[in-house]
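# Descriptive analysis of the structure
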Amino acid sequence: MWQSLTFLLHIAIPNSNYTLTQQTKDLTVFSFPEYETSITWLKNGFLVDLVYDKEKGRVLRLDTISTGNQWKGFDVLIFNTYHWWTHTGKSQTWDCFQVGNELIKEMDHLEAFKIGLSTWAKWVDSNVDPSKTRVLFQGIAASHVEGCVRQTKPDQGPMPLYTGVNTVKNIISKMEKPVQLLDITLLTQLRRDGHPSIYTGHGESYVDCSHWCLAGVPDTWNEMLYAALLEN
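The shown structure was predicted, so the numbers you read here are calculated from the model rather than taken from an experiment.

What counts, and where the lines are drawn
- Residues numbered from 1 in each chain as written.
- Predicted model: local features only at pLDDT ≥ 70, side-chain atom pairs only at ≥ 80, totals over all residues.
- Heavy atoms only, no water.
- Phe/Tyr/Trp six-rings, centres within 6.5 Å; stacked < 30°, edge-to-face > 60°.
- Buried < 20%, exposed > 50% of the residue type's maximum accessible area, 1.4 Å probe, protein only.
- 1 Å grid on protein atoms, 1.4 Å probe; cavity = no way out; pocket = protein on both sides within 12 Å on 5 of 7 lines; lining within 4 Å.
- Points joined across faces, edges and corners; volume = space filled by probe spheres on them.
- Pairing = 2+ DSSP bridges.
- Helix = DSSP H or I, 4+ residues; strand = E, 2+ residues; numbered from the N terminus.
- Axes fitted to C-alpha atoms, helices over the stretch in contact; angles between N-to-C directions.
- Nonpolar A, V, L, I, M, F, W, Y, C, P; charged D, E, K, R; others polar.
- Patch = residues over 30% accessible without salt bridge, like charges linked within 9 Å, V, L, I, M, F, W, Y side chains within 5 Å.
- Areas by Shrake-Rupley, 256 points an atom, 1.4 Å probe, with all protein chains shown as cover.
- Salt bridge = Lys/Arg side-chain N within 4 Å of Asp/Glu carboxyl O.
- Expected span 1.5 Å × (residues − 1).
- Contact = heavy atoms within 4.5 Å.
- Polar contact = N/O pair within 3.5 Å; in protein donor to acceptor, adjacent residues only side chain to side chain.

### A closer look at the packing of aromatic side chains
How two aromatic rings sit relative to each other is given by the distance of their centres and the angle of their planes. Under the definition given, this model contains 15 aromatic pairs. Measuring from centroid to centroid gives 5.3 Å for W94 and F97, while their planes differ by 45 degrees, and the two rings are tilted. Taking relative accessible area as the criterion, F97 reaches 0% and is therefore assigned buried.

The following block contains the structure:
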């Protein structure tokens, strides 16, 4: 979404100078000095803390956010988290969970997601001034584990409720501070044809049905963002 947004903004003002700076491995900033505007991407797949301990390994702390200062001072904040919570086996990026002082080797990943997202919601309620900062949550983009190979047309018709969507909606609905949901799930469920599929340059044995092509589906998300920002 961030990459799509930078492209769309550059197209709108093609003659303006811009800078693209990767300040750290997880922080990239695209700026238009002429407009004193920047679009920052901070990579944090869980929003809550993932820490390394020599004895315990990679610990996903579901109830702490120690890096929230990086989110302060912006006019608009767009948060997103989900897919990394569903990983298992070798793709899983943690070794255990922690809540308070309790270490948990394994638990239902959707329950862990719920606890982690609730921690994020508490951070927003405690730290965001709605008169200065607009907060949006980018909804869950569907992946297609049932396959996307050589799909050339969108699907049609109703789709089953995507796992995790109700969790997101329930938590946002109970927050004290206003957070607008960009509800992209259904439109991505219909777009099995929008994934890189086998066309990633890694050979036909590599199939990517969770990321998205550009130009493509993420451009639609930014059209929704544009409409949301114009509402006020």
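Structure shown, so let's carry the discussion forward.
### What to know about the layout of surface pockets
Put simply, the second largest pocket is a space of about 400 Å³. Together, 15 residues line the second largest pocket, and D26, K43, N44, G45 and L50 are the ones closest to its centre.

### Description of the sheet that holds strand 2 (residues 27-32)
Remark on secondary structure: sheet strands pair via backbone hydrogen bonds, oriented parallel or antiparallel. On the basis of which strands lie adjacent, the open sheet formed by three strands has the order 1-2-3 and antiparallel pairing. Sheet topology places strand 1 (19-24) and strand 3 (37-42) at the edges, where each strand pairs with a single neighbour. This sheet shows a mean twist of 20 degrees between the axes of neighbouring strands, independent of strand direction. As paired elements, strand 1 and strand 2 share five bridges and run antiparallel to each other.

### Quick word on the sheet that holds strand 8 (residues 102-104)
With mixed pairing, four strands are arranged side by side in an open sheet as 4-5-7-8. Each end of this open sheet is capped by a strand with a single partner; those strands are strand 4 (49-53) and strand 8. Neighbouring strand axes in the sheet, compared pairwise and without regard to direction, differ in orientation by 30 degrees on average. Note: strand 5 (residues 57-61) against strand 7 (residues 96-99), three bridges, orientation parallel. Bridging from a neighbouring strand, R61 pairs with Q98 of strand 7.

### Some remarks on empty space enclosed by the protein
The gaps of empty space that remain are located by a probe, the size of a water molecule, rolled over the atoms. Here the structure, examined in full by the defined rule, presents one cavity of 30 Å³ or more. Counted as a void, the largest cavity has a volume near 40 Å³. Per-element accounting of the lining of the largest cavity gives the leading share, three residues, to helix 3 (residues 165-173). A breakdown of the residues in the lining of the largest cavity according to their chemical character gives four nonpolar, two polar and two charged.

### Focus: a nonpolar patch on the surface
Together, V76, I78 and L229 line one region of the surface with nonpolar side chains, adding up to about 200 Å² of accessible area. In this fold, I78 is placed in strand 6 (residues 76-79). Exposure remark for I78: the relative accessible area of 35% places this residue in the partly exposed category.

### With respect to helix 2 (residues 109-127)
With 19 residues, helix 2 extends 27 Å between its outermost C-alpha atoms, agreeing within 8% with the 27 Å of an ideal straight helix rising 1.5 Å per residue. Among all positions of helix 2, only H109, A112, F113, G116, L117, T119, W120, A121, W123, V124 and D125 are buried. For helix 2, the secondary structure elements touched by its buried residues are strand 6, strand 7, strand 9 (134-138) and helix 3. At the N-terminal boundary of helix 2, the capping side chain belongs to D108, with an oxygen 3.1 Å from the backbone nitrogen of L110.

### Some details on the pairing of strand 2
Buried residues dominate strand 2, accounting for six of its six residues. Here strand 2 shows two buried faces, one formed by L27, V29 and S31 and the other by T28, F30 and F32. Pairing analysis gives six bridges linking strand 2 to strand 3, with the strands arranged antiparallel. Within the sheet, the bridge partner assigned to F30 lies in strand 3 and is I39. Taking the residues that link successive antiparallel strands as the turn, the strand 2-strand 3 hairpin has four residues, and the phi of E36 there is positive, at about 50 degrees.

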